[in-house]
Amino acid sequence: QVQLVESGGGSVQAGGSLRLSCAASEYTFSNYYMAWFRQAPGKEREGVAIRGRDGTTSYSDSVKGRFTISEDNAKRTLYLQMNNLKPEDTAMYYCAADRYPVRWYAWNSWGYWGQGTQVTVSS
C-alpha cells in the first residue's frame, strides 16, 4: 500500500504560480508511474500530468507548456509546478501512483490516491 498526501494548494490570481507537492510513503521512480489529476465541481476527474517509470512525461493539452511534473526520489515527493494559471485551472488536484496504469489519463487505471489539495484561480 502506498500512501500519498498532497499540499501546496491555495488561491491565486490569473497569471500566478503554485507548486504542489505529494509526499509518498514509499515509491521508487523505476517501479511506479506517478501522475497529477484534477477534478472541478460537476466535471470528470482528468489527468493533467504523467511521469512514466522511465522518466517519460506527458501532459494534457490544456496544461502543456504551463505545468511541469517532477519528483525528488530521495524525499519521496512528487511536484507539480503550475505557471500562468488560468481560472479554468480551478479544481481539486490529486496525485496518483500505480505500477501498471493501463490508460494513463483514465482515473480508474490508477490504484493509489492522495486526499487532494484545492487550487482556486481568480480572474
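Structural data are supplied above this passage.
Residues numbered from 1 in each chain as written. Predicted model: local features only at pLDDT ≥ 70, side-chain atom pairs only at ≥ 80, totals over all residues. Heavy atoms only, no water.

(A) Representation of the overall build of the protein within the structure. Along its length, the protein carries zero helices and 11 strands. Listed by position from the N terminus, the elements making up the protein come as β-β-β-β-β-β-β-β-β-β-β. For the protein, whose C-alpha radius of gyration is 13 Å, the value lies close to the compact-globule estimate of 14 Å for 123 residues. Relative to its full complement of 123 residues, the protein shows a buried share of 43%. In the protein, 60% of the contacts between residues at least 6 apart in sequence involve partners at least 24 apart. Between the centroid of the 13 positive side chains of the protein and the centroid of its 11 negative side chains there is a distance of 2 Å. (Helix = DSSP H or I, 4+ residues; strand = E, 2+ residues; numbered from the N terminus. Rg over C-alpha atoms; globule rule 2.2 N^0.38 Å. Buried < 20%, exposed > 50% of the residue type's maximum accessible area, 1.4 Å probe, protein only. Contact = heavy atoms within 4.5 Å. Lys, Arg positive; Asp, Glu negative; His and termini not counted. Charge placed at Lys NZ, Arg CZ, Asp CG, Glu CD.)

(B) Spotlight on the pairing of strand β9 (residues 91–98). Among the eight residues that make up β9, seven are buried, leaving the element largely enclosed by the rest of the structure. The pairing of strand β4 (residues 33–39) with β9 spans seven bridges and is antiparallel. Following the sheet pairing, Tyr33 is matched in β9 by Asp98. As paired elements, β9 and strand β11 (residues 117–122) share three bridges and run antiparallel to each other. From the neighbouring strand, Ala91 faces β11, where its bridge partner is Val119. Across two bridges, β9 lies against strand β10 (residues 112–113) in antiparallel orientation. (Pairing = 2+ DSSP bridges.)

(C) View of the packing of aromatic side chains. In the structure shown here, the tally under the stated rule is four aromatic pairs. Through a chain of ring-to-ring contacts, the aromatic side chains of Phe37, Tyr94, Trp110 and Trp113 assemble into a single cluster. Its end group placed over the ring of Tyr94, Arg45 keeps NZ or CZ at 4.5 Å from the ring centre. If you follow Arg45 out to its NZ or CZ, it ends over the ring of Trp113, 4.7 Å from the centre. (Phe/Tyr/Trp six-rings, centres within 6.5 Å; stacked < 30°, edge-to-face > 60°. Lys NZ or Arg CZ within 6 Å of the ring centre and 35° of its normal.)

(D) Highlighting the nonpolar core. Among the nonpolar cores identified, the biggest contains 27 residues, and Leu4, Trp36, Leu80, Met82 and Tyr93 are the most heavily contacted of them. Breaking this core down by element, the ones donating at least two residues are β3 (18–24), β4, β5 (46–51), β7 (67–72), β8 (77–82), β9 and β11. In this view, Tyr93 contacts Glu6, Leu20, Trp36, Phe37, Arg38, Phe67, Leu80, Met82, Gly116, Thr117 and Val119; residues no more than four positions away in its chain are not counted. Core analysis: the second largest hydrophobic core is formed by six residues, Tyr33, Phe37, Ala96 and Trp110 among them. (Core = buried A, V, L, I, M, F, W, Y, C linked by side-chain atoms within 4.5 Å.)

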